[in-house]
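Structural overview for review
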Amino acid sequence: GTNWTTQTSGTTNDLMSVYFTVANTGCTVGYGGTILKTIDGGTNWTTQTSGIGVDLYSVYFTVANTGYAVGDMGTILKTINGGTNWTVQTNGTTNCLFSVYFPDANTGYFVGIYADYSSNSDIFKLSIPSSYSWSPANGLSASNIANPMARPTITTKYILSTNANGCIATDSVTVYINPLTINGTDASITCGDIATLNTNTNYTGTGTLTYSWLPVTGLNNASDANPLSSVTSNQAYCVSVTTSNGCIATDSVFVFLNPLNNPDICMVGIDSASNKNLIVWEKPVNEPIDSFFIYKESNVSGVYNKIGEVAYNNLSVFIDTNSNPQIKSSSYKISILDSCGIETSLSSLHKTMHLNINQGMGNTWNLIWNDYEGFTVSSYNIYRGTSPDTLSLINTTTAGNTSFSDLAAPSGYVYYQVEVVCPVVCDPSKSINSYNTSKSNIASNNPTWGIEQITKASDIFHIYPNPANDHITIDYGSNYSTMRGYTLKITNTLGQTVFTSPINQAQSVVDLSTLSGNGIYFVHLIDANSNTIDIRKIVLQ
């Protein structure tokens, strides 16, 4: 007691009494029914529920878990779990009780003063029961003594009846069987990884522990304490641990299979060879990737539909053969399908540029285009030529400017294109080409420029992946019902037919592994009258 330090109680109510059952565990009581408990020697205190609002003046414990608190209005509270919960006891007085003391576990005294503070005072003595009766008797050393020893094999509630000079009282005690505690550790893995199902078992008894895991899916040993799990989807496991005397404890462990991180598109633009939209991305390395899915924004804003897929071993480039850059810009996203069949969420969008021109005074031409979306744009380069093949740089505008007036255009037909430089060089794996600029469509005052010969069968089927490795998927979508009886034919650059098949389902997978070599092939759609009504180019790598 030479030195004292103030402790934080967490209450502003007056505290009247304190009692410690052991060095670190104690309770204090005070005004307003305040009861605080500490389990770290008084450093931290937590409020306990007393269930009353009257002032409490004294607290005393007979053993570690059994204690009493007294106060105004003749209040006597009892706890049997170390002060966590308290119950009001019936004592026959409404006078203030100021102190409580037990010389032994069965005998106690409560003293106080009359409510009018007269000279009279109260002293109550707890009568010692003359007989005890415990029920059930299973597991008890004796059922007719005050404090029998209990050794049940299962959690058991014992009811005590006592007789003290003809007064009968009852109470109950529950003995909980906790042979061991299992703390299963959840695991989070990526496809292809292995998780260890850790069970930290706290067991104070003797004997051997037996483990049993269910289900056995993906486990290397279902009877091991810490088996290895290799799964292809989220999996919940339940472990049962049995002691040598037959007591069982259970717990659960979850293995969460995480999808790969969202991919990123490097850039989108116009493929000069096909005049179709081009999507370019770089492959993550050392990841269990099966393929990449390509999505395109539909006619509903924010709604993206899958238009193709590219195997991981192929070039990370996709040409949207159904796009028409001369008509409008398009937005794209991609995702990854890992080798466990889990698809990531979609990447951020990239949107192509679409250029329009209109004539001003004389030979003046006004250009307007939409911003490139997907990376930070620093400037736009503007090209002009008297033919699509003779375009040269005529000006550069800063980011944010999406219009330009060419006041010095030559007479006759002129052609324009807008270019933006990608902040990084896009390098698709295995490709001899790299990509660092995205270009818009070519716009011209030539009235015939950009007009495609659109037939009744245009845009009625999709081909992916393209470029392809060993197969392509041809999807006719909702147009299939009008195409039954049509024929699909594939030819090489020499015009030789290398594949032919009638169209008899809405989606066909064509095996290309038997073709003689890589290169360019053409897919022909032929109607019932043997007329070729649409041709698409594919690249076999």
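Everything numeric here is computed off the predicted structure, so don't read it as measured data.

Along the protein, the regular secondary structure elements total zero helices and 44 strands. In summary, the protein has a C-alpha radius of gyration of 42 Å against a globular reference of 24 Å for 541 residues, an excess of more than 25%. Within the protein, the proportion of its 541 residues that are buried is 41%. Within the protein, residue pairs in contact and separated by at least 24 positions form 50% of the contacts whose partners lie at least 6 positions apart. Summed over its atoms, the accessible surface of the protein is roughly 28,200 Å², and 49% of this surface lies on carbon and sulfur atoms. One way to put it: in the protein the 20 positive side-chain charges average out to a point 9 Å from where the 35 negative ones average out.

The next thing to look at is the confidence of the model for the protein. Summary statistics for the protein give a mean pLDDT of 85 and a share of 91% for residues scoring 70 or more. Across residues 451–458, where pLDDT falls below 50, the model places eight contacts with residues more than four positions away in sequence or in other chains.

Here we take up unusual backbone geometry. Cis geometry marks the peptide bond from L214 to P215, where omega comes out at -10 degrees. With phi around 60 degrees, M73 is a residue other than glycine that occupies positive phi space. Mapped onto the elements, M73 comes out in the loop between β6 (67–71) and β7 (76–79). A positive phi angle is found at N275, which is not glycine, with a value near 55 degrees. Relative to the helices and strands, N275 resides in the loop between β23 (265–271) and β24 (276–281). Overall, the relative accessible area of 30% leaves N275 in the partly exposed class.

Attention shifts here to the pairing of strand β39 (residues 471–475). The pairing of strand β38 (residues 462–464) with β39 spans three bridges and is classified as antiparallel. What sits directly across from I463, in β39, is I474. Count of turn residues in the β38/β39 antiparallel hairpin: six residues. Pairing geometry for β39 and strand β42 (residues 507–511), over five bridges, is antiparallel. Paired with I474 across the bridge in β42 is S508.

Attention now goes to the sheet that holds strand β31 (residues 365–369). Sheet architecture is open: three strands sit in the order β30-β31-β34, paired in antiparallel fashion. Two strands bound the open sheet, and with one partner strand each, they are β30 (355–359) and β34 (403–406). Mean inter-strand twist for the sheet, computed between neighbouring axes without regard to direction, equals 20 degrees.

Counted according to the given criterion, the structure contains one cavity of 30 Å³ or more. In this structure, the largest cavity encloses a volume near 30 Å³. Lining the largest cavity are I307, F318, I319, D320, T321, N322, H462 and I463. At the level of secondary structure, the elements contributing two or more residues to the lining of the largest cavity comprise β27 (317–320) and β38. For the lining of the largest cavity, a count of residues per class yields four nonpolar, three polar and one charged.

In this structure, I279, I294, W369 and Y372 are the most contacted members of the largest nonpolar core, which totals 43 residues. Ranked by the residues each element gives to this core, the list is headed by strand β35 (residues 415–426), at five residues. Contacts of W369, omitting those with residues within four sequence positions, involve M353, H354, L355, Y380, I382, T397, N401, T402, S403, F404 and V418.

Inspection of every chain in the model, using the stated rule, returns two disulfides. Disulfide pairing places C191 opposite C340 at an S-S distance of 2.0 Å. Here the S-S torsion is close to 85 degrees, and the disulfide linking C191 with C340 is therefore right-handed. Separated by 149 residues along the polypeptide, C191 in the loop between β16 (187–190) and β17 (195–196) and C340 in the loop between β28 (331–338) and β29 (350–351) bring together distant segments of the chain. Disulfide pairing places C266 opposite C426 at an S-S distance of 1.8 Å. The chirality of the disulfide connecting C266 with C426 is left-handed, given an S-S dihedral of about -85 degrees. Residue C266 is located in strand β23, and its partner C426 is located in strand β35; the two are separated by 160 residues in the primary sequence. Counting only the cysteines that take part in disulfides, in the order they occur along the protein, gives the pairing 1-3, 2-4. With no disulfide of its own, C422 lies 4.0 Å from the sulfur of C426, the closest cysteine sulfur. Relative accessible area serves as the criterion here: at 7%, C422 is assigned to the buried category.

With that settled, the discussion passes to the side chain of T491. Along the chain, the position of T491 falls in strand β40 (residues 487–491). Accessibility expressed as a relative area gives 5% for T491, which makes it buried. A polar side-chain atom of T491 sits 2.8 Å from a polar atom in the side chain of H524. Residues contacting T491, with those up to four places away along its chain left out, are Q496, T497, V498, Y521, F522 and H524.

This part takes up the side chain of S17. Relative to the assigned elements, S17 resides in strand β1 (residues 15–20). A relative accessible area of 15% places S17 in the buried class. Residues contacting S17, with those up to four places away along its chain left out, are C27, T28, V29, Y57, S58 and V59.

Secondary-structure assignment places A137 in the loop between β12 (131–135) and β13 (156–164). Each C-alpha atom, one on A137 and one on I159, is 9.7 Å from the other, the two residues being 22 residues apart in sequence.

Any two side chains of opposite charge can pair if their charged atoms end up close together. Taken as a whole and assessed by the stated rule, the structure comprises four salt bridges. Here D171 makes a salt bridge to K78, at a shortest N to O gap of 3.6 Å. Of the two residues, D171 sits in strand β14 (residues 167–175) while K78 sits in strand β7, which places them 93 residues apart along the sequence. Looking at K78, the relative accessible area reads 18%, which means it is buried. Between D320 and K296 there is a salt bridge whose closest N-O contact spans 2.9 Å. One end of the pair, D320, is in strand β27; the other, K296, is in strand β25 (residues 289–297), and 24 residues separate them in sequence.

Conventions used here
- Residues numbered from 1 in each chain as written.
- Predicted model: local features only at pLDDT ≥ 70, side-chain atom pairs only at ≥ 80, totals over all residues.
- Heavy atoms only, no water.
- Helix = DSSP H or I, 4+ residues; strand = E, 2+ residues; numbered from the N terminus.
- Rg over C-alpha atoms; globule rule 2.2 N^0.38 Å.
- Buried < 20%, exposed > 50% of the residue type's maximum accessible area, 1.4 Å probe, protein only.
- Contact = heavy atoms within 4.5 Å.
- Areas by Shrake-Rupley, 256 points an atom, 1.4 Å probe, with all protein chains shown as cover.
- Lys, Arg positive; Asp, Glu negative; His and termini not counted.
- Charge placed at Lys NZ, Arg CZ, Asp CG, Glu CD.
- pLDDT = per-residue confidence, 0-100.
- Pairing = 2+ DSSP bridges.
- Axes fitted to C-alpha atoms, helices over the stretch in contact; angles between N-to-C directions.
- 1 Å grid on protein atoms, 1.4 Å probe; cavity = no way out; pocket = protein on both sides within 12 Å on 5 of 7 lines; lining within 4 Å.
- Points joined across faces, edges and corners; volume = space filled by probe spheres on them.
- Nonpolar A, V, L, I, M, F, W, Y, C, P; charged D, E, K, R; others polar.
- Core = buried A, V, L, I, M, F, W, Y, C linked by side-chain atoms within 4.5 Å.
- Disulfide = S-S within 2.5 Å.
- Polar contact = N/O pair within 3.5 Å; in protein donor to acceptor, adjacent residues only side chain to side chain.
- Salt bridge = Lys/Arg side-chain N within 4 Å of Asp/Glu carboxyl O.

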